[in-house]
Amino acid sequence: MTEFSTILAEKHDGYALITLNRPEALNALNLEVMTELTAAAAEFDADPEVKSIVITGAGRAFAAGADIKEMKDLTFSKAYEADWFAGWQDLASVRKPIIAAVNGFALGGGCELAMMCDILIASEKAKFGQPEINLGVLPGMGGSQRLTRAIGKAKAMDLCLTGRFIGAEEAERSGLAARVVAPEALMDEAVSIAGVIAGKSRIASALVKEAVNLAFETTLDQGLRFERRLFHASLATADQKEGMAAFVEKRDPQFTDS
Ligand code: CAA
């Protein structure tokens, strides 16, 4: 595994754990974090022993946003030429399930990073928001788009226009978080989800992720057709034969990711 300076990247049995590790800056997402996080995720995505990736933050934040100190003198020309933030698309393109274990502040780019993940687990201490409006800008890593799709226009407008923070319970009620747990139970919960996913077929997990994500992109009719085609394709896998045979034979399946 490559050595990183702004994140910790560890491989465990069946899953990988990435910890954003700039606690003194509340894990603000600078270019180096983006480069390292996307590189680590790509490495784990390519590793057949890793079935899912858990992302969390060290200290009291998941991530308090893109790094304001890095951006304060940024100009339009420089940002446009560099296509600032476009590199985050590499994380959204990871094919394995990503679990966000949101331990504290998930603001601006931090909330947007959590929304790029597939299962969002929040600690009761988590705080979500898109406070870019307070800086005279707007979300730039997907907040106006993914948040609106996740929680609807009413709440997305509320959060993006007022910059107010919401707690974990409101995030779950709104459809942003899948589960809320006590702070001390957060990592156990995330790892237990990773354990569940490790017992499934890697191919089936990737098919599920691809199909659900298409719901953000397309019409219902095209989405349903795509889902059916993926379902048909799943019949060509050894894991489908094993999964269905195991059900009929009343035993646990032994998936081989093939
Ligand atoms: N960028 C850079 N540094 C940040 C940061 C950020 N987004 N958020 C916090 N920090 C730094 C602070 O500057 C401070 O560093 P110093 O000790 O060197 O001053 C350190 O982290 C601790 O922060 P605070 O002292 O502010 O801690 P607090 O408990 O008083 O407040 C907070 C916590 C409410 C989260 C506050 O830090 C805050 O409002 N942060 C900024 C949140 C924000 O606006 N995020 C959006 C950024 S823009 C963006 O993300 C664009 C996009 O769409 C991608």
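All residue numbers refer to positions counted from 1 along the written sequence of the respective chain. Since the coordinates come from a predicted model, pLDDT governs what is reported: local features require at least 70, and pairs of side-chain atoms require 80 or more to be given and counted, while whole-chain, interface and lining totals use all residues. Side-chain measures here rest on the full set of heavy atoms in the structure, leaving out hydrogens and waters.

By the naming in an unreviewed UniProt entry, the protein goes by Enoyl-CoA hydratase and is assigned to Brevibacterium samyangense. For the record of the protein, the UniProt heading Sequence similarities (unreviewed entry) holds the text "Belongs to the enoyl-CoA hydratase/isomerase family." UniProt positions are given in the numbering used here, feature names are shortened, and annotations may be inferred rather than shown by experiment.

**Student:** Before we move on, can you summarise the overall build of the protein with the specific residues and values?
**Tutor:** In terms of helices and strands, the protein carries 11 helices and 10 strands. In terms of C-alpha radius of gyration, the protein reaches 19 Å, essentially the compact-globule figure of 18 Å for 258 residues. Principal axes of the C-alpha set define a box for the protein whose edges measure 60 × 45 × 40 Å. Burial status follows relative accessibility: with a 1.4 Å probe on protein chains alone, a residue under 20% of its type maximum counts as buried, one over 50% as exposed, and anything between as partly exposed. Considering the protein as a whole, with its 258 residues, one finds that 44% of them fall into the buried category. Residue contacts are counted whenever heavy atoms from the two residues lie within 4.5 Å of one another. Nonlocal contacts in the protein, meaning residues at least 24 apart in sequence, comprise 67% of its contacts between residues at least 6 apart. Working convention for charge: Lys and Arg count positive, Asp and Glu count negative, and His plus the chain ends are omitted. Every charge is mapped to an atom, namely NZ of Lys, CZ of Arg, CG of Asp or CD of Glu. Where the 27 positive side-chain charges of the protein centre and where its 36 negative ones centre are 6 Å apart. The helix and strand labels rest on DSSP assignments: H or I over at least four residues marks a helix, E over at least two residues marks a strand, and numbering proceeds from the N terminus. Put simply, the radius of gyration uses C-alpha atoms, and a globule should come to 2.2 Å times the residue count raised to 0.38.

**Student:** A description of the site of the ligand should follow, citing residues and the corresponding values.
**Tutor:** Around the ligand lies a shell of 24 residues, among which Ala66, Gly109, Glu112, Glu132 and Gly140 are the nearest. Ala66 places a main-chain nitrogen or oxygen 2.8 Å from an oxygen atom of the ligand. N or O atoms closer than or at 3.5 Å make up a polar contact, with two conditions inside protein: a donor-capable atom paired with an acceptor-capable one, and, for residues adjacent in sequence, both atoms drawn from side chains. In the model, a nitrogen atom of the ligand is placed 2.9 Å from a nitrogen or oxygen of the Ile68 main chain. Elements represented by at least two residues in the shell around the ligand include exactly α2 (68-71), β6 (105-107) and α5 (109-116). The criterion for a residue being near a molecule or strand is simple. One of its heavy atoms has to lie within 4 Å of it.

**Student:** Any chance you could break down the environment of Leu29 for me, citing the residues and the numbers?
**Tutor:** Examined against the element boundaries, Leu29 turns out to sit in the loop between β2 (15-20) and α1 (31-45). Residue Leu29 is classed as buried on the basis of its relative accessible area, which comes to 3%.

**Student:** Could you give me a rundown of the pattern of salt bridges, with the residues and numbers involved?
**Tutor:** Any Lys or Arg side-chain nitrogen located within 4 Å of an Asp or Glu carboxyl oxygen qualifies as a salt bridge. Under the criterion given, the structure shown has 15 salt bridges. The salt bridge partner of Asp67 is Arg22, with a shortest N-O separation of 3.0 Å. Placement of Asp67 in the loop between β4 (61-63) and α2 and of Arg22 in the loop between β2 and α1 is noted, with a sequence separation of 45 residues between them. Classification of Asp67 as buried rests on a relative accessible area of 7%. Across the pair Arg202 and Asp257 runs a salt bridge, and its minimum N-O distance is 3.4 Å. With a gap of 55 residues between them, Arg202 in helix α9 (residues 202-214) and Asp257 in the segment after α11 (238-248) connect regions that are remote in the sequence. With relative accessibility at 24%, the residue Arg202 sits in the partly exposed group. Asp257 sits in the buried class, given a relative accessible area of 18%.

**Student:** Got a sec to walk through empty space enclosed by the protein? Specific residues and values, please.
**Tutor:** In this analysis, the protein atoms alone were mapped onto a 1 Å grid. Cavities are point sets where a 1.4 Å probe fits without being able to get out; pockets are open sets with protein on both sides within 12 Å along at least five of seven lines; lining residues have an atom within 4 Å of a point. Grid points are joined across faces, edges and corners, and a volume is the space filled by probe spheres set on the points. Within this structure, the stated rule accounts for 1 cavity of 30 Å³ or more. As a volume, the largest cavity reaches approximately 70 Å³. Together, Leu29, Asn30, Leu31, Met34, Ala66, Asp67, Glu70, Met71, Trp84, Phe85 and Trp88 line the largest cavity. Those elements that place two or more of their residues in the lining of the largest cavity are α1 and α2.

**Student:** Which residues make up the layout of surface pockets, and what are the values?
**Tutor:** Of the volumes computed, that of the largest pocket is approximately 1100 Å³. Every residue lining the largest pocket is counted, 37 residues in all, and those nearest its centre are Met115, Met116, Cys117, Asp118 and Asn213. Examining the composition of the lining of the largest pocket, we find that 7 residues originate from one element, α9, more than from any other. Lys, Arg, Asp and Glu make up the charged group, whereas Ala, Val, Leu, Ile, Met, Phe, Trp, Tyr, Cys and Pro make up the nonpolar group; the residues left over, Gly among them, are polar. For the lining of the largest pocket, the class distribution of residues is 22 nonpolar, 8 polar and 7 charged.

**Student:** Mind laying out the packing of aromatic side chains, listing which residues take part and the relevant values?
**Tutor:** Between rings of Phe, Tyr and Trp, where Trp is taken as its six-membered ring, a pair exists when centres lie within 6.5 Å; planes separated by under 30 degrees are stacked, by over 60 edge-to-face, and by other angles tilted. A full pass over the atoms with the stated rule returns 3 aromatic pairs. Arranged with centres 5.3 Å apart and planes meeting at 20°, the rings of Phe76 and Tyr80 form a pair that is stacked. On the criterion of helical spacing, the pair formed by Phe76 and Tyr80 is a turn pair, its members being 4 residues apart in helix α3 (residues 76-82). The same class applies to Phe76 and to Tyr80, which are both exposed. Measuring from centroid to centroid gives 6.5 Å for Trp84 and Phe85, while their planes differ by 65°, and the two rings are edge-to-face.

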